[in-house]
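Take a look at the letters that make up each chain.
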Amino acid sequence: MVLAGGRGSRAGEGMPKQYREIRGVSLLRRSLIAFCEHPDIDLVRAVIHPEDQHLYDVVARDLPLEPPVFGGDTRQESGFNGLESFIEYSPSKILIHDAARPFVAAETITRIVRALDSSTAALAASKITDTVKKQDKAGYVYETIDREELWRAQTPQGFRFDEILAAHIQFRDSSHTDDAAIAEAAGHKVLLVDGNEENFKVTNPEDFMRGEVVSGKEEMASHNTTDLSGIRMGIGFDVHRFGPGDHVILCGVPIPHTHGLLAHSDADVAMHALTDAILGGICAGDIGTHFPPSDMKWKDASSDIFLTEAAEMVTQRNGVINHIDLTIVCETPKIGPHREAMQSRLGEILSMPTQSISIKGTTSEGLGFTGRREGIAAQAAATIWIK
Ligand code: CTP
Ligand code: MG
């Protein structure tokens, strides 16, 4: 039984929270699917608010569910209405779950069902890891509680059906915030079973952000070889030779120098390495594949054209560039004085915050072609998240 009869008054503007979506799937639908797909669960029914029937019909459209029943003014009343509606099936066990906990794991459900073989009642919970204090009216701690004994209650909570129905009837006029408390009040022993860390209750507006993160992780974990989503890292490398001139262009920034760099385009070696890193991250060939040097169109071209195009290809694949890291290798010019200008130019082209753009300079200690001041080399890494 999935309880979805609340109004979500703490969750901010919009529809009742259980009908709001995280990555395109509502909280209620996520909760219902978790139970519909579980092999130990025979029947699934939602308890909804009478005004939400039209919202429910969309959420439940293709799921194998019993018809919903209407809840009451409190969670306890909604639970009672739901329990009554199951009498006709005379189930031996029932699990009660909050629709507002959309990330319940199949293993959590399994643990509760198993626990009911030997217990009348069991609830999913997590051990408290913080030290817990009690505060007096003046704001001071008056007691530190031994956290060894403390657990945070989650749902599902599972019960032998006849016992929880009788307990709900017995305590109809008192108020309890969960069903385990009603079972306790009726004198039943309630077993604590490990829940799962992600099984938090969406209560406040910011909990939806946390939900985005959890569902993102789930999606990534389930990604298989045909699914391209996930974090990818591309690397790029480029070299250009010095020639006549009075400046070089690095990351779009002209820097006065004793020489220029030779190339078909503007010879921005750093931007070329970066473009290749981005193309590498999406397995889209290299800069030469897209902008062949044989094509006169790219003669003296400003390299931001290449970088912009590579970034556009990332967007087309539903990706975002999270971070880039560049190393420019040369004895001179010095990179440090121009770092900020380079970061802001790359930030403009890639629409990225400069905090996510790293630019480093190094010499090669006089060794090799860069040490002999014959040219500049650049290496780049790009981290790309494909959604
Ligand atoms: N619930 C219910 N019937 C009620 C109240 C709550 O079925 N009269 C359900 C909610 O839909 C939710 C679960 O019980 O899935 C836990 O309640 P809570 O998180 O408090 O949700 P709301 O009552 O909807 O939120 P709020 O208290 O912020 O209004
Ligand atoms: Mg409530």
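What counts as what
Residues numbered from 1 in each chain as written. Chains lettered and ligands numbered in written order. Predicted model: local features only at pLDDT ≥ 70, side-chain atom pairs only at ≥ 80, totals over all residues. Heavy atoms only, no water. Salt bridge = Lys/Arg side-chain N within 4 Å of Asp/Glu carboxyl O. Helix = DSSP H or I, 4+ residues; strand = E, 2+ residues; numbered from the N terminus. Buried < 20%, exposed > 50% of the residue type's maximum accessible area, 1.4 Å probe, protein only. Phe/Tyr/Trp six-rings, centres within 6.5 Å; stacked < 30°, edge-to-face > 60°. Lys NZ or Arg CZ within 6 Å of the ring centre and 35° of its normal. Pairing = 2+ DSSP bridges. Domains from an automatic or database assignment. Near = heavy atom within 4 Å. Polar contact = N/O pair within 3.5 Å; in protein donor to acceptor, adjacent residues only side chain to side chain. Nonpolar A, V, L, I, M, F, W, Y, C, P; charged D, E, K, R; others polar. Core = buried A, V, L, I, M, F, W, Y, C linked by side-chain atoms within 4.5 Å. Contact = heavy atoms within 4.5 Å.

### Concerning the pattern of salt bridges
Taken as a whole and assessed by the stated rule, the structure comprises 15 salt bridges. Notably, a salt bridge pairs Asp62 with Arg29, separated by 2.9 Å at the nearest N-O pair. Placement of the pair is Asp62 in the loop between α2 (53-60) and β5 (69-70) and Arg29 in helix α1 (residues 27-36), with a sequence separation of 33 residues. Overall, the relative accessible area of 14% leaves Arg29 in the buried class. Across the pair Arg101 and Asp98 runs a salt bridge, and its minimum N-O distance is 3.9 Å. Side by side, Arg101 and Asp98 carry an identical accessibility label, which is buried.

### Concerning the packing of aromatic side chains
Taken as a whole and judged by the stated rule, the model has five aromatic pairs. Here Phe291 and Trp298 contribute two aromatic rings whose centre-to-centre distance is 5.0 Å and whose plane-to-plane angle is 85 degrees, an arrangement assigned as edge-to-face. Classification of Phe291 by relative accessible area gives buried; the value is 9%. Joined through ring pairs, the aromatic side chains of Phe291, Trp298 and Phe306 make up one cluster. Over the ring of Phe208 we find Arg20; its NZ or CZ atom is 4.1 Å from the centre of that ring.

### Some remarks on the pairing of strand β12 (residues 230-243)
Across 12 bridges, β12 lies against strand β18 (residues 375-386) in antiparallel orientation. Looking across to β18, one finds that Asp238 is bridged to Ala378. Pairing geometry for β12 and strand β15 (residues 260-261), over two bridges, is antiparallel. Pairing of Gly243 across the sheet is with Gly260, part of β15.

### Concerning the domain arrangement of the chain
As assigned here, the chain comprises domain 1 (2-218) and domain 2 (226-386). The centre of domain 1, based on its C-alpha atoms, is set 52 Å off from the matching centre of domain 2.

### Describing the site of ligand 1
The full set close to ligand 1 counts 19 residues, and Gly5, Gly8, Ser9, Ser78 and Lys201 are the nearest of them. One of the backbone nitrogen or oxygen atoms of Gly6 is found 3.0 Å away from an oxygen atom of ligand 1. Ala100 places a polar main-chain atom, nitrogen or oxygen, 3.3 Å from an oxygen atom of ligand 1. The set of elements that each furnish at least two residues to the shell around ligand 1 consists of β1 (2-4) and α3 (75-86). Grouping the amino acids of the shell around ligand 1 by side-chain chemistry returns four nonpolar, eight polar and seven charged.

### Section: the nonpolar core
Ranked by size, the top nonpolar core spans 42 residues in total, and within it Leu250, Ile278 and Leu346 carry the most contacts. Of all the secondary structure elements, the ones that give two or more residues to this core are β13 (247-250), β14 (253-256), α8 (269-281), α10 (304-316), β16 (319-329), α11 (339-350), β17 (357-362) and β18. Top element by residues in this core is α8. It accounts for eight residues. Among residues more than four places away in sequence, those in contact with Leu250 are Ile255, Asp268, Val269, Ala270, Ile328, Ile335, Met342 and Ile376. If you look at the next biggest cluster of nonpolar residues, it comprises 28 residues, including Tyr56, Leu95, Val104 and Ile109.

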